[in-house]
Every structure is written in structure tokens, then in C-alpha cells.
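The chain contents come next:
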Amino acid sequence: MTERNYTRKARALFLAALMVFSVFAGTVAFAGTTAASVDSLDNASATDVDAYSASAEQEVTFDVGVADGEEDTFTIDVSTVDDITLNDVAGVESSNPDEVSVSASTDGDTAEITTTDENDDGVSEATITVTLDVDTDGVAHTVDIGAYTVNEDGGAATADTNTFSVIPPDGDQTLDSGSTFWAGQELALGTGAELSANDELQVREWDTSGDTNRIGGLEEEFSLDGDGVATLDTGDYDDGEYIIVDADNSNNAVEFTDGFASATSTTAADYGGYTFEITTQNLDVEIDEDSVTDDGENAVTEIDVDSNRANYELNVSANGDLDVSELSDIFVANGDYQLEDDNANDDDDEITITLDGTTAEGDGQEISFEGIDAGEYDFTFSVPDSTAESSDTVEVTEQDIDSAFSQGVSSDTAGDIAEFTVELEDTDEIYVQFGDEDVGFIDVLWLEDDDDDGEVTFEVNTRTLGSPGADTAEVYHSEDDNIESEVHGDDTDATFWDEDTDSELGDGTFGDYLEELDLIDDVDDDPRTQLTRPLQPADYELMAAANGEFIVNSDGDTEAEREIDSALFELTAPSLDGITTHVAPEDNADADDELEDLLDAATAREEIAEDDRLIIQVEASGLYGAIVHANGGDFSVLEDGTTLASLGVLTGEDTDEQDWTGEGISFDVEADDATGNQEATSLDLENNNAGDGYVLYDEENGQFFVVVDTTGDAFTQDVGDGDEFDVTMEYETDSNDRYEFIDDAEAPYEGGAGGDIGDEAYPYFQTGSSEELTSTVEIVEQSVTFDNVNNGVLEVEAGEEATISGMTNIAPGSDAEIRVSSTDADPSFRSTSDVDIEDDGFFEATFDFSEQSEGDLADTTFRVGGSSVDTIDTELVDAVSEETDTPEPDTDTPEPDTDTPEPDTDTPEPDTPEPDTDTPTETDTGTPGFGVVVALTALIAAALLAVRRD
């Protein structure tokens, strides 16, 4: 059985011809060509054509092979088939138009088809499809009425089409015995060879309930009309099998083939082959969302269409509340379906749709209610040729797009990274205008909530925003959402209007917008030419717009057609605020690669013991955007850290790939140890080994930390005891010219004083306003001093809780221990205890010497990382002497807060070697003393480390 799914053009074939016509070969006439150019002509065919039609379409196809760059003409004479005449050639196509072009004309009942070989080299092949408009008004339905013959010039090549039929125009299907049909289908049938016009027939049930199948009760009686045609409406048939019999003899059954009566029989054994089945089609259509909006993402929903039938069309209506155009918008223009019929000749507001021209069956197909008026709509879905029907209801509400900046007023430093969050409601996308005509810069952004969390969070590199050569990814960054920028090369689909003329500005482009606002000179200028230098400190308006339509009003100001929120972004001037040096335990520079871990490990010091890590804290803003761009535009470097070389790119140490010299940023750590032929020792800002030197950034609080392994190769020469370094951070300006991008700059860093890339001029300062920070730090020998030392011997109580304490300049947090090993004791012993060095350098360890005796002798060693720092002779005593040696340790660490009692006697001058200092200090306490100035300095430095700026 072959189904036809078009109710507007029903097709039917019949089992037997009502009359037999002679088959005539169409004659072909040719003009102006030679047969030699035709290589082949075959595979001609013609489709069946409707009966009783003044204008019926019929397709004729044939394959050709042509050559020699010639024209060949073929004709089809329609009049060779009785009673069919040609109205026109409705169309002609070549399957290979690049090599075989085609045209058509008519001459009476003859269609003339001209092909041209467009390829002069070899044979060109194509299938030619000719759509004939023929008149069959006087022709009844007829099986195998005739065929056409296609000839080329001179008759050297011919091709006969198949024999085609003239078919009845009514009915969804032609009745075919042995087939299954859907309840509600109209079945066309005709006389064929076994019946005559006006014959009376019956449809009876085929009863299979008994032991023997038999002809059952009457379902319907009908008659063939005067043309020998009838149509059965199966809408009221129950599911089951049926058979057609002679009304005058119910035992005389009729077999139908392709709609025509092909046989009759009164033999019961034949009946089984004469039956046909009717079954009910089920249909279940569900629209996923009960409520949708008239715009935005929530206007889109999905529809599921399910049936027990494979191929069928679907009628859609909404109780007259939606017209054909609106229905087509929902399901076709904005949906996944294709329109099969708009039923323009019917009064009903109904469309017929499929997914692919064959069926409407399928789940998860998108439809959209964008532009549909708010209201409740009751949809009816039905199948054109069956009784199947389903319904569903959808409420359309007005889209209530809302958007809000998370902060009405926000601020950040020029040259750094700013973060914004836009909260969304009833939409997943929004437009934002950054800046306005008053501040001299505008960008228009399209933002999409890609992770469906109801907001878009993104970062802006204010150093590269608007700068030459920067693309969107080098300016804007979001972990989870999508961003497009008009300034940096994206087409956001925003449009730009002139309020005075109520029309688009020029072509409605962003360039037209900027030109109208005098922000660029010409509509074709790069939008990044708005700026002479990087985006300057100022107040920038932020405007959120629902639909991306921006307007220049009659006052020359900008506004949005649907503005839904605004905010103010204050871009402030950068500053240099301070340098503090710290110490951390010996390790690779990148051992603490998280800022929190590094801060936990750091202790403020101006003297750094050999082997410990040096940490330089620089409080500076206005450089972190440049850091990001100097590291390939990777925003994550501010979280992950960089090597010294990456910082050196920004400070002009490495200009091979990016020359940032003109930025005027310098950072130096240099000793005053230059000799005649040797440069001063300095921090190597071209070192690319993170283990030697590492930089962590705290952009949020305007500071960065340079971490140096003093045992590695971070310096240009080895460093050791006594090496003193000046630390300098500078933003340098020119005395006459401010920073400008060079002419035709292709990268954000191509600029300098007066547009000279080699002349330093910090972009955010005025002329002659350089700023500089300085500090000093010294590398000193590791040292340790013990409490309770008498005449060079450490006294330790021979008790259960004996303590050994003292001071060291080694970094707090170091892996330190004290080992006491007997040298003359009975019994001999060795005892080791871990030591926690406090921020001020104080340490204390507890031992159990209760098994030892007064007078036992030992060596006490202070060890760090498994290596000995210092060893002292030790004696176990009944009670520690109150009179002890107190040498001054080589450290600036403030005086620890201990419970050691102050002795009543003056402390004698220490017996141990004098520390490396110009002014030895004598103290009357039982612990090493520290000057008040040194103590205050260390406390202030510690406070600087703890401070967090908002």
C-alpha cells in the first residue's frame, strides 16, 4: 500500500480500467542542432496525472549526455495522448546546471526543451525534469492511458516514458485488497474490468470469530457514480477486517487492486484475499511547558508527537484564536516543522505541518511563541486523513525581562582588572553599554548566562579595554558565561537608531553609532581608535538593555530602547603605597603557590638569614591588566602566579616579543657592589625558573609578592652574608609628554611618551609626576643564641621538664630541632626535640633529663633542615645559674614576650664572639635584648602584611 498525506490534492489509483485507450508515442520536433552532440538519452518517465482538471501538473524526466559545447532541442507532444492538451511548461530543471543548462518553451501542444553543454571538454550528463501544466478536464480516470516519447534531433536517440494513468482526484487512498487503512481515511475505488458505472455494492464485516472465517454483517451500502467512481468514508468504521460484495449477491466478493475492481468470486476460498483492514490511529501531542513568554528564551519550548502510525501529516489549530500566520510563526518560522498546507481555501485557521515532508512524528521538537499575544490558547492537533486527534493548552505571558547590576556603584583602579555581575530574570541574555559620549568611550556588550545560574559574571581588563590590537578574549573574561564586544571585533546583533529620523543610523552599525557621537572620524574606522591612551580614570556609565537597540536622541545623548538598569563604574587613579620585606623558611620559591599559604609562611624582616626565602611585598595598583596581557592575555596568572621573567616582560627586561618599555613601570632589586668590570648583583628578571623566583599577585588588594630562593639562581651572582640590596618600584613619567599609542598601533603595549615606544611615560599619570618606592634588605649569616649560658656553657636543669630556649634569625616556621648528645655522662644519652621558631625569633624546647645526674656533660646543637647551625657545650645542673652570658644576636627581630625573670645583677659582657654589628648592646635581662626602634619596625612591618585593602 502507498499512502498519500496531502488532503488538498488527493490521489488515487484504480484496479481495472473503465475504458481502454490506445497508447500513442509522442512525436518530437527539433530545431537548429545536429545529432552528433547528443551522446545519450534514456531513463524517461512520466508521473500519473489528475483527472477532471483544467490545470494539472505532470512531471516528465529524462537523462541526457551532451558534448561539443552544443545546443540540443527535445520536444514532447502532449496531444499524442487522447484528450490531454498542453497549457504551458510550468518549470524545467537540470540536475547539473554548471555543465548542462536548460530552458523551455511551448509550441501548441508541444514542449520544447533546449539543453546547452557548458563544458567544452568531454561528455556532460544531467537529469532533466520538466513540469508540464496539462488540461485533463475531459478525461475520466483511466489506467495506463498512454506514454510520451522523447527524441533528440533527427531521431537518432529516443526514450519512451512509462505508461501513466489518469487518476481520480478524490480520496486519501485507493482501495487495495489485503492492505490496512486508518479509520477516517477516504478510500477511492472504480469500476475496473469487473464493474460498471452505477453498480451497487456493500461493505461487510469479515467475521473471524468462528472456526471458519466468513462474510459477516453489513457495514455500509454504496453505489458507483455515473463515472464509475465511489469514495468510502471510513470515519465510522470499527477496527476490523472488511470485504466488498455485490449488493444483489453478498456471496459475490470483489477484489480491488490500486483502486480498480480486478476480480470477483463466489468461492469462499478466495474471500480471504479480497479483504482489507481498518484500524484506529492513536495520537498523543504534548507541549512541554504549560506557560511560556512572548519573547526571550522562555518563549521556546518543546513538543512531543507520538502515534502508532509512522508517516502522517498534522493539522494544528487554536480554536480560531491564532490565525494561519501566527500558527506558522510558532511551528514553522520559529520552530522545527515545515509547512505543508496553509489551507488558504478553507475558512478554518489551521495549518498542516510535518518535520520532513513525510511525517510529524517525533519528540523534543522546538516551537516558539515569540511575538504571540499574551493569552491562553487551546491547541487541537489532528491528522488530515484519519480520526486521530489530541489537544493541549498553553498560556502565553508577556516577557518581564529584568536585569540588575549587583552593585549600583562600583570602583576599581585604572590598569587593573574589574569584575561585574549582572543578574538576569526571565532571560538568559542582555546587552550592556559601557561608557557614553561624555566620557569619550563606548563599548556595547552582549552577555549570555551560559551556565543557567541566573547571572552573568565577567572580568574586564581595563588596561586593554579599547586598546589597539586587543580582541575580546584579551579584554573580557568569564569562567561560565559568554561575552561579545562591538569594540573588539564581534557582531553582537545590536542595532543603532536616530531618534530624530526614527530610522537606523546609516546601516545601523556600531561604526555609524560612534561616528554620530563624534567618537570616531569615519564609520569605517576601527572602534579601538576612540582612545589616544589606555582607558583613563573617570566615571563610566553602565546601561543594561533588553533588546540591543541603542538610540542617539535629539540632544545627542545615548539611550536604550528598553533600558532596564544602570550603574556607575568609578575608575580611579593608580598608586604606589609601600614595600615590605619578609622572610620564609628555606624552600623553592614556588613552594607556597597559594597566596594564603605564602602569607602564613611569611614574617616581616629587613634581615634575611642565608638559605631562607626572601619575600618582597609591593603595594602597587594599576599594573595587573598589563601583567595579564604580558602573559598571553591569560587572566588566570593573577591566581596562579608567574616567574620573574614574566614580571620582567612588563618592566622592560625582555622586549623580544612585547616591548612594554613605554609603560614606564620598573622594579629593581640591586646591591651596591659593582666593581670596575663587574655589574652590581641584582634580581634576575629574565629568570624563568619558578623554583628560583616566583611572583604571586593579590590584585584585589593592590599588592604583589616577589618570592626568592636565596640559595638558587634568582640573582645575577651568588649572594651571602653582608649583601645589602635596594628595592625600588617606580612609575616613571616624561617631563613633557604623556603616554600615547603609536600611529597604527597593532598591540596594547605599542606606545610611550608622545607616541614613542621607547620613551617611558606611565599611562595614568600626568607629565612630570613620577612615583617611586624604595626599601632595603640584607642577607645575613644564620645565627642562634641560647638562654642560660654561663661562661660559654649552656646550663640545663637535670629534671623531668628541662627547657632550652633562645633566639635565632632563621625564618619562623623552619624545620628546626635541638639535639642534646652526651659527651661525658652516665648513662650516655641523645635526645632531640622539634622547635617552633616564633615570629620574633624566640624558640624553646622541653627535654626529660630526670634519669641524668648533675654534672653530666653534653653538646647541644641547633639544627635546621637536617643541618647544624650552631653547637654549644652543655652541662646538666641542679638549678640554672641566674648569672648568664647574653650575646647580642645578629637580627632585627623585636624582643620576645617571655616569662624569663630579670636578674638582680648586671649581666656581664658575653664570652661568645661579638655579633656583626657596630654597636654591641649590654642588657640586664636573662634573654637577648632588642632595641626599641628595631622592635617597632618589625611590628609595623608585620601589621603591613596583615592589612587587607577593601
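Residues numbered from 1 in each chain as written. Predicted model: local features only at pLDDT ≥ 70, side-chain atom pairs only at ≥ 80, totals over all residues. Heavy atoms only, no water.

1. Structural notes on the overall build of the chain
And then number 1: When its secondary structure is counted, the chain shows 8 helices and 66 strands.
And then number 2: Out of the 950 residues in the chain, the part that is buried amounts to 51%.
And then number 3: Taking the contacts inside the chain whose residues are at least 6 apart along the sequence as the reference set, 71% of them involve residues at least 24 apart.
And then number 4: Taken as a whole, the chain presents about 40,900 Å² of accessible surface, with 34% of it coming from carbon and sulfur. (Helix = DSSP H or I, 4+ residues; strand = E, 2+ residues; numbered from the N terminus. Buried < 20%, exposed > 50% of the residue type's maximum accessible area, 1.4 Å probe, protein only. Contact = heavy atoms within 4.5 Å. Areas by Shrake-Rupley, 256 points an atom, 1.4 Å probe, with all protein chains shown as cover.)

2. What to know about the nonpolar core
And then number 1: Phe458, Phe550, Phe667, Leu683, Phe704, Val706 and Met729 are the most contacted members of the largest nonpolar core, which has 104 residues in total.
And then number 2: With 6 residues, strand 36 (residues 441–448) is the single largest residue contributor to this core.
And then number 3: Those residues in contact with Phe667 that lie beyond four places of it in its chain are Ile616, Val618, Leu647, Thr651, Leu683, Leu685, Phe704, Val706, Val727, Thr728 and Met729.
And then number 4: In terms of nonpolar packing, the next biggest core, distinct from the first, is built from 34 residues, Phe62, Ile84, Val89 and Ala157 among them. (Core = buried A, V, L, I, M, F, W, Y, C linked by side-chain atoms within 4.5 Å.)

3. What to know about the sheet that holds strand 59 (residues 789–790)
And then number 1: Read from one edge of the open sheet, 6 strands run 59-60-66-65-62-63, paired in mixed fashion. Only two strands of the sheet have a single partner each, and these edge strands are strand 59 and strand 63 (830–835).
And then number 2: Of the strand pairs in this sheet, strand 65 (residues 857–864) and strand 66 (residues 867–877) are connected by 8 bridges, and their pairing is antiparallel. Paired with Val864 across the bridge in strand 66 is Ser867. (Pairing = 2+ DSSP bridges.)

4. Considerations on the pattern of salt bridges
And then number 1: One pass over the full model with this rule turns up 7 salt bridges.
And then number 2: The partner of Arg309 in a salt bridge is Asp385, and the shortest N-O contact between them spans 2.9 Å. On the criterion of sequence distance, the pair formed by Arg309 in the loop between strand 25 (300–307) and strand 26 (314–317) and Asp385 in the loop between strand 30 (375–382) and strand 31 (389–397) is long-range, its members being 76 residues apart. Asp385 carries the same exposure label as Arg309, and that label is buried.
And then number 3: The closest approach of N and O atoms between Glu817 and Arg863, which form a salt bridge, is 2.8 Å. With Glu817 in strand 62 (residues 816–824) and Arg863 in strand 65, this pair connects stretches of sequence that are 46 residues apart. Here Glu817 matches Arg863 in class, with each residue buried.
And then number 4: Counted as one network, the salt bridges with shared partners bring together Glu817, Arg819 and Arg863. (Salt bridge = Lys/Arg side-chain N within 4 Å of Asp/Glu carboxyl O.)

5. Thoughts on the side chain of Thr603
And then number 1: For Thr603, the position within the fold is in strand 47 (residues 603–604).
And then number 2: Take Thr603: its relative accessible area is 7%, and that puts it in the buried class.
And then number 3: Each residue touching Thr603, except ones within four places of it in the same chain, is listed here: Thr581, His582, Val583, Pro812 and Asp839.

6. Let's talk about the confidence of the model for the chain
And then number 1: In the predicted model, the chain carries a mean pLDDT of 87, and 88% of its residues have values of at least 70.
And then number 2: Every residue in residues 1–35 scores below 50 in pLDDT, and together they form 138 contacts with partners more than four places removed in sequence or on other chains.
And then number 3: Predicted confidence for residues 889–950 stays below pLDDT 50, and this span has 104 contacts to residues more than four positions away or in other chains. (pLDDT = per-residue confidence, 0-100.)

7. Some details on the pairing of strand 23 (residues 283–287)
And then number 1: The two faces of strand 23 differ: Leu283, Val285 and Ile287 on one face are buried, but Asp284 and Glu286 on the other face are not.
And then number 2: Both strand 23 and strand 25 contribute to a ladder of 5 bridges, which runs antiparallel. Along strand 25, the bridge assignment pairs Leu283 with Ser307.

8. Let's talk about helix 2 (residues 324–333)
And then number 1: When we look at burial in helix 2, the residues that qualify are Val324, Leu327, Ser328, Ile330 and Phe331. Along the axis of helix 2, the buried residues cluster in a sector spanning 165 degrees; they form a single face.
And then number 2: The inward-facing, buried residues of helix 2 contact strand 25, strand 26, strand 27 (338–341), strand 28 (350–354), strand 29 (362–368) and strand 30. (Arc of directions from axis to C-beta.)

9. A short note on the sheet that holds strand 29
Hydrogen bonds between backbone groups are what pair the strands of a sheet, and the pairing can be parallel or antiparallel.
And then number 1: An order of 23-25-29 is seen for the 3 strands of this open sheet, with the pairing classed as antiparallel. Only two strands of the sheet have a single partner each, and these edge strands are strand 23 and strand 29. Each neighbouring strand pair of the sheet contributes to a mean axis angle of 20 degrees, computed without reference to strand direction.
And then number 2: Pairing geometry for strand 25 and strand 29, over 5 bridges, is antiparallel. Each residue of the ladder has a partner; that of Glu302, found in strand 29, is Glu366. (Axes fitted to C-alpha atoms, helices over the stretch in contact; angles between N-to-C directions.)

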